[in-house]
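What the coordinates show
Residues per chain are reported as follows:
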Amino acid sequence: MKRLVANLVNDALASLPELKEAAADLSMESTVERTRDASHGHFSTNVAMRLAKAVRKSPRDIATSIIAALAENDSVEKVEIAGPGFINFYLSPAAFHAVIATILDQGENYGRQAAKSGPKILLEFISANPTGPLHVGHGRLAAYGATIGNLLEATGYPVSREYYVNDAGRQMDILGVSVWLRWQELQGSDVPFPQAGYRGDYIREIAAAIDTAGIANATSEAILDGLPADGVSNDAEEKDAREAYVEALAARAKELLGEENFDRIRQQSIDSILADIEDDLAGFGVKIDTWFSEQSLTRTGRIDDALAVLKERGILYEKDGATWFPATDYGDEKDRVVIRANGVKTYFASDIVYHFDKRERGFDHLIDILGADHHGYVSRVRAGLEAMGYKGDDLEVELVQFVALFRDGEKVAMTTRGGTFVTLRQLREEVGNDAARFYYVSRSNDQHLDFDLDIAKSQSNDNPVFYIQYAHARIASVFRQLADKSLAWDRTNGQDNMAELSESHEKTLMTSLSRYPEVIELSANNRAPQHLVHYLRDLANDFHSWYNAQFFIVDEANQRDARLTLCAATRTVIANGLTILGVSAPESM
RNA sequence: GCGCCCGUAGCUCAGCUGGAUAGAGUACUGCCCUCCGAAGGCAGGGGUCACAAGUUCGAAUCCUGUCGGGCGCGCCA
């Protein structure tokens, strides 16, 4: 609908030689906008004001000539100049009636754009290390990423959702040794658990369940012989001691068990945690197309190959026994190590190759959704892409800020180490999937999120998700009432009698329904699902107001069918919007 | 110290690519069920858009600075 007005203005400008040139670099779509106030019509453009300077004429004079040049259109009822030079468009009732017909014809496709052939988008999100269950912070990444994926798809882009599994490297050894030690405990070992090990209860559960056939118990003496002392606390100054100790333990585990057996324990642990994450996400309505394993990069030698290429091109250099990537040449703050002096490749090395691999797989545009604490890492990955021959701009990063939980007005304390962090699963069980999905995306992603458990749980008007779902359920209820009265909705008759919908609530509602495709596009383009959230809230409000103002199931058939037609269209749009948010649209509550 | 994000009603937050009188929810006050779900609706008060300069016909929005809050700055991930 917005495009219709924009096109009219565009054509008018093109037909005016004195304005054509000055308007050439204005994007017409951007100068036409919905009005905030109904007294300004339905759409407005400020193009006359923006051209005034270039053509040295008053905005109102320019507006007058634009209006004179506008082509006749049945959808446009009235055009007038207002204020300093706005051109306001009043669309005809028939234009809105046509939108209602479109909504009913298109159904779940209303607001969706035709599939585009490209750019092909790879959307990577969550990518939490497989060292434990997802927590509420990951929940925000999951909800945001899933919704962005839905929005991109709705706007026609081919999009693939990917989870990068950091299943290689040091952390996995620590995971393996943690599980092994818990298993040893179950066999009666009294080796104290390392400070830097994974201490959560889920480690014990994995230890109790894994297959250790053929793996012998080790004595405490054999495990601890010659090892350095563990850090005695979690304090920062003890950190080196803690990390050294747990690494030594992992090395010892490999000696005692043999690499193969240790691998078995480690891999089972990873598989178990990944299965849990997968199940958790599926329960949360989050679909992942590809689980991309970091091990697969290591195993196939692609990391070594890529580093060799960079070395050949003379990009990498050696210093202090390590191999460095000159990230500063690409605008990063400092150079970064890719191979440590001890021969271990850093995560950055695999990140370069991973992002290169995404492009090699044919994805044109890469979107990474990351926690805000990863922002320092963006410029170096872009640098890596450039060094590998692609553009840094191919990578778009959306940062998501932290989540704080509130209960009874108090912040819920969460520390990963202390084991008091709240898991996504706990949150889902407590507040429900719908409320959680909705709450997570109701704020701008670059805003810290205060997640109020009491509001999310409340089944009342305090909770916007219920308010919107209630509007949907209420419409379903109207149709049930209709059937109870042995009446039926005649859609054709309704559409033939749309002129019956002349009351202000009805006009407001129709205007809102016509906005939906624009809201989807705006939300998708700005990676900003909160626009859709606010829109749905407003739409539900428009419906509830109308519901309270008028009775729908009236005796007069033409009026009844017309009103039910509007109800049906509203139901469709609410359902479409909620679906994109990953929230259910219930028939009753 | 340097970099990124944020600062809008008592509270939680929207506000697009600069436009017309600054928006919701919540809380507070009062009203509306003989009627399709009151899990709803209507009305009211509540603001120096952190602060200061600047660009512009026009700034909550763009630029610069100051103050306040969060995060990041490893041969960790």
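Residues numbered from 1 in each chain as written. Chains lettered and ligands numbered in written order. Predicted model: local features only at pLDDT ≥ 70, side-chain atom pairs only at ≥ 80, totals over all residues. Heavy atoms only, no water.

Examining the sheet that holds strand β10 (residues 336–339)
Strands belonging to one sheet form pairs held by backbone hydrogen bonds; the direction of such a pair is parallel or antiparallel. With antiparallel pairing, three strands are arranged side by side in an open sheet as β8-β9-β10. Edge positions in the sheet fall to β8 (317–319) and β10, since each of these pairs with one other strand and no more. Each adjacent strand pair in this sheet contributes to an overall mean axis angle of 50°, direction not counted. Of the pairings in the sheet, the one linking strand β9 (residues 322–325) to β10 comprises three bridges and is antiparallel in character. Considered in β10, the bridge of T323 is made with I339. Relative to the sheet, helix α15 (residues 347–360) contacts β9 and β10, its axis offset from that of β10 by approximately 85°. (Pairing = 2+ DSSP bridges. Helix = DSSP H or I, 4+ residues; strand = E, 2+ residues; numbered from the N terminus. Axes fitted to C-alpha atoms, helices over the stretch in contact; angles between N-to-C directions. Contact = heavy atoms within 4.5 Å.)

As for helix α18 (residues 433–440)
Of all eight residues that make up α18, six are buried, and the element is covered over most of its length. Taken together, the buried positions of α18 are A435, A436, R437, F438, Y439 and Y440. (Buried < 20%, exposed > 50% of the residue type's maximum accessible area, 1.4 Å probe, protein only.)

Points about the environment of S458
Mapped onto the elements, S458 comes out in the loop between α19 (453–457) and α20 (464–484). S458 sits in the buried class, given a relative accessible area of 16%. Sequence separation between S458 and A435 is 23 residues, and the spatial gap between their C-alpha atoms is 9.4 Å. For S458, the residues in contact, after removing those within four places along its chain, are N463 and F466.

Brief notes about the packing of aromatic side chains
Evaluated as defined, the whole model comprises 19 aromatic pairs. Measuring from ring centre to ring centre gives 5.7 Å for F325 and F348, while their planes differ by 75°; the resulting arrangement is edge-to-face. Here F348 lies in helix α15 and F325 lies in strand β9, a separation of 23 residues in the sequence. You'll find F325 and F348 in the same group, each marked buried. For the ring pair F479 and W489, a centre distance of 5.7 Å and an interplane angle of 65° mean the geometry is edge-to-face. Residue F479 is found in helix α20, and its partner W489 is found in the loop between α20 and α21 (491–496); the two are separated by ten residues along the sequence. On the accessibility criterion, W489 (25% relative accessible area) is partly exposed. Members of the aromatic cluster, each reached through a chain of ring pairs, are F284, Y439, Y440 and F451. Across from the ring centre of Y90, 4.3 Å away, lies the NZ or CZ of K78, which sits over that ring. (Phe/Tyr/Trp six-rings, centres within 6.5 Å; stacked < 30°, edge-to-face > 60°. Lys NZ or Arg CZ within 6 Å of the ring centre and 35° of its normal.)

Some words on the pairing of strand β15 (residues 449–452)
Only one face of β15 is buried: it carries L449 and F451, and the other face, with D450 and D452, is open. Note: strand β13 (residues 403–407) against β15, four bridges, orientation parallel. Looking across to β15, one finds that F406 is bridged to D452.

Here we look at the confidence of the model for chain A
Summing up the model confidence of chain A, the mean pLDDT is 90 and the portion of residues at 70 or higher is 96%. Per-element averaging of pLDDT across chain A places helix α3 (residues 28–31) at the bottom with 63 and helix α24 (residues 557–581) at the top with 97. (pLDDT = per-residue confidence, 0-100.)

Some remarks on the domain arrangement of chain A
Where interface size is given, it is often the accessible area lost as the parts come together that is meant. Here the domain parsing of chain A yields domain 1 (2–91), domain 2 (170–276) and domain 3 (464–581). Each partner contributes residues to the interface: domain 1 has five residues there, and domain 3 has five residues. Summed over both partners, the interface of domain 1 with domain 3 buries about 360 Å², with 35% contributed by carbon and sulfur atoms. It is K2, R3 and R34 in domain 1 that bury the most area against domain 3; as a group they hold 87% of the surface buried on that side. (Domains from an automatic or database assignment. Buried area = accessible area lost by both parts, 1.4 Å probe.)

As for the environment of R313
Tracing the backbone shows R313 in the loop between α14 (302–312) and β8. Separated by 74 residues in the primary sequence, R313 and A387 place their C-alpha atoms 9.5 Å from one another. If near-sequence neighbours (up to four positions away) are discounted, R313 is found in contact with A387 and M388. Here the side chain of R313 touches A387 through a polar contact of 2.9 Å, landing on its backbone oxygen. (Polar contact = N/O pair within 3.5 Å; in protein donor to acceptor, adjacent residues only side chain to side chain.)

Side note on unusual backbone geometry
Generally, phi is negative for residues other than glycine and the peptide bonds are trans, each holding for most cases. The step from G118 to P119 runs through a cis peptide bond, and the omega angle for that step is 0°. With respect to the helices and strands, P119 occurs in the loop between α6 (93–106) and β5 (121–124). Unlike most non-glycine residues, R56 shows phi in positive territory, near 55°. The topology assignment puts R56 in the loop between α4 (47–55) and α5 (59–69). Unusually for a residue other than glycine, R527 sits at a positive phi of about 50°. Residue position: R527 is located in the loop between α22 (504–525) and α23 (530–549). R527 sits in the buried class, given a relative accessible area of 13%.

Looking at the packing of α20 against α24
Packed helix pairs are specified by the crossing angle of their axes together with the interaxial distance, meaning the distance between the axes. As a packed pair, α20 and α24 sit with axes 10 Å apart at the nearest point and diverge in direction by 145°. Where α20 crosses over α24, the two elements pack in a sense that is left-handed. Seen from α20, the contacting residues are I468, Q469, A471, H472, I475, A476, V478, F479 and L482; seen from α24, they are R560, L564, C567, A568, T570, R571, I574, A575 and L578. Here the contact of α20 with α24 is composed, by residue class, of 13 nonpolar, three polar and two charged. (Left-handed = near helix turned anticlockwise from the far one by under 90°. Nonpolar A, V, L, I, M, F, W, Y, C, P; charged D, E, K, R; others polar.)

So, the pattern of salt bridges
This model, assessed by the stated rule, comprises 30 salt bridges. The shortest N-O distance in the salt bridge between K78 and E80 comes to 3.9 Å. In this structure, R527 engages E396 in a salt bridge whose closest nitrogen and oxygen atoms are separated by 2.7 Å. Placement of R527 in the loop between α22 and α23 and of E396 in strand β12 (residues 395–400) is noted, with a sequence separation of 131 residues between them. Per residue, the accessibility class of R527 equals that of E396, and both read buried. Via salt bridges that share partners, E162, R302, D357 and R361 belong to a single interconnected network. (Salt bridge = Lys/Arg side-chain N within 4 Å of Asp/Glu carboxyl O.)

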